[in-house]
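Here is what each chain is made of, one letter per residue.
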Amino acid sequence: MNQNSLLSMSDLSRNDIIHILNDASLFNVSYSDWQLPCHKALVANLFFEASTRTHFSFESAELQLGCKVADVQTSVSSVTKGETLYDTCKTLESVGYDCLVIRHKQDAYYKQLEGINIPILNAGDGAGDHPTQCLLDLLTMYQEFGTLTGLNVLICGDIQHSRVAASDKTALELFQSNVLFAGPEEWKREGYKHVDFDEYLEKADVVMMLRIQKERGAALADMSDAEYLEQYGLTKERYGRMKKNAIIMHPAPVNRGVEIDTDLVEAEKSRIFKQMSNGVLVRKAVIKRAFGYAPFEEKK
Ligand code: CP
């Protein structure tokens, strides 16, 4: 596997994360026009699962960096004829692609890609990991609080099926933040510290709401959307009890009126769309790293 791949947050040290976030921040100021010097980087995006944010923010980042981009139409690729993911990736490597961005429904799909020599950027694997989402979450928290240490982060909803919950837990604990989980009993995850949403809400710096991942089999019997919102969602009443400087986050897509009241999606405390803009900066930093470039120096 190429050493510049990004597969899981558990592969990154604190220093690696700091370098990526620093580069992402500098892309927003002094390095906004920086491009890959040779302008010939060929990147293939392979999305085997639905995506709007990750797919198109990767594409935006690639185009801003001067990459040439192939959007592989996975539904009409030879995977549908029975070709393995490995053979598809090896084919793209053989015909000249320099980097692969892959989203796949299978947990840790990348373990079957050991023999691929070009960097692979994981755009989400099943309920496993979502490293670039995690990095954009960290950047959003850092912008807000000036630190990633000592934060109280409350993640609420479908924890069991959430790769975002898994990645954010790994990274935030590396920085000694306190990550707690709430939501239906059915979706508790072993090794995760679960608390009562209403009891912990007023202590949280970050309240992160998660969508019910129906595509991964999540379902609650006999509960309407309105009942779910009342019992487990971020209602206006709960919003009113959040700390003065606390923020709302959500990886999106949002199911309005289910895990969050529709009027709160763009409320003052919401950083949901800020997370999406940060996603482009983080993905630029991760692509730059994939092509072997050292972290930026601060410009004097
Ligand atoms: N947050 C996220 O991964 O969104 P998409 O599924 O739209 O990429």
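Refer to the structure printed above.
How each quantity is defined
- Residues numbered from 1 in each chain as written.
- Predicted model: local features only at pLDDT ≥ 70, side-chain atom pairs only at ≥ 80, totals over all residues.
- Heavy atoms only, no water.
- Axes fitted to C-alpha atoms, helices over the stretch in contact; angles between N-to-C directions.
- Helix = DSSP H or I, 4+ residues; strand = E, 2+ residues; numbered from the N terminus.
- Parallel < 35°, antiparallel > 145°, perpendicular 65-115°, else oblique.
- Left-handed = near helix turned anticlockwise from the far one by under 90°.
- Contact = heavy atoms within 4.5 Å.
- Nonpolar A, V, L, I, M, F, W, Y, C, P; charged D, E, K, R; others polar.
- Near = heavy atom within 4 Å.
- Polar contact = N/O pair within 3.5 Å; in protein donor to acceptor, adjacent residues only side chain to side chain.
- Areas by Shrake-Rupley, 256 points an atom, 1.4 Å probe, with all protein chains shown as cover.
- Phe/Tyr/Trp six-rings, centres within 6.5 Å; stacked < 30°, edge-to-face > 60°.
- Buried < 20%, exposed > 50% of the residue type's maximum accessible area, 1.4 Å probe, protein only.
- Lys NZ or Arg CZ within 6 Å of the ring centre and 35° of its normal.
- Arc of directions from axis to C-beta.

1. Focus: the packing of helix α4 (residues 131–145) against helix α5 (residues 163–174)
- Between α4 and α5, the least distance of the axes is 9 Å, while the angle of their chain directions is 55°. What the angle tells us is that α4 and α5 run oblique. The crossing of α4 and α5 is right-handed. On α5, the residues that touch P131, Q133, C134, D137, L138 and M141 of α4 are V164, S167, D168, A171 and L172.
- Looking at the contact of α4 with α5 residue by residue, the classes come out as seven nonpolar, two polar and two charged.

2. What about the site of the ligand?
- As a matter of local geometry, the ligand sits amid A50, S51, T52, R53, T54, R103, H130, Q133, P251, A252 and P253.
- In this structure, P251 approaches the ligand through a main-chain N or O atom, which is 2.8 Å from a nitrogen atom.
- Taking 250 Å² as the accessible area of the ligand by itself, protein coverage stands at 92%.
- When its residues are assigned to classes, the shell around the ligand shows four nonpolar, five polar and two charged.

3. Some details on the packing of aromatic side chains
- For the structure shown, the criterion picks out nine aromatic pairs.
- Geometrically, the ring pair formed by W187 and Y228 is tilted, given 6.3 Å between the ring centres and 45° between the ring planes. Residue W187 is found in the loop between β6 (178–182) and α6 (197–200), and its partner Y228 is found in helix α7 (residues 225–232); the two are separated by 41 residues along the sequence.
- On the basis of relative accessible area, Y228 is assigned to the buried category, the value being 3%.
- The lysine or arginine in question, K169, covers the ring of Y192, its NZ or CZ lying 5.1 Å from the ring centre.

4. Digging into helix α3 (residues 85–94)
- For α3, the complete set of buried residues consists of L85, T88, C89, L92 and E93. On an axial view of α3, the arc spanned by its buried residues comes to 140°, and they lie on one face.
- One or two residues past the end of α3 sits G96, with phi positive at roughly 110°.

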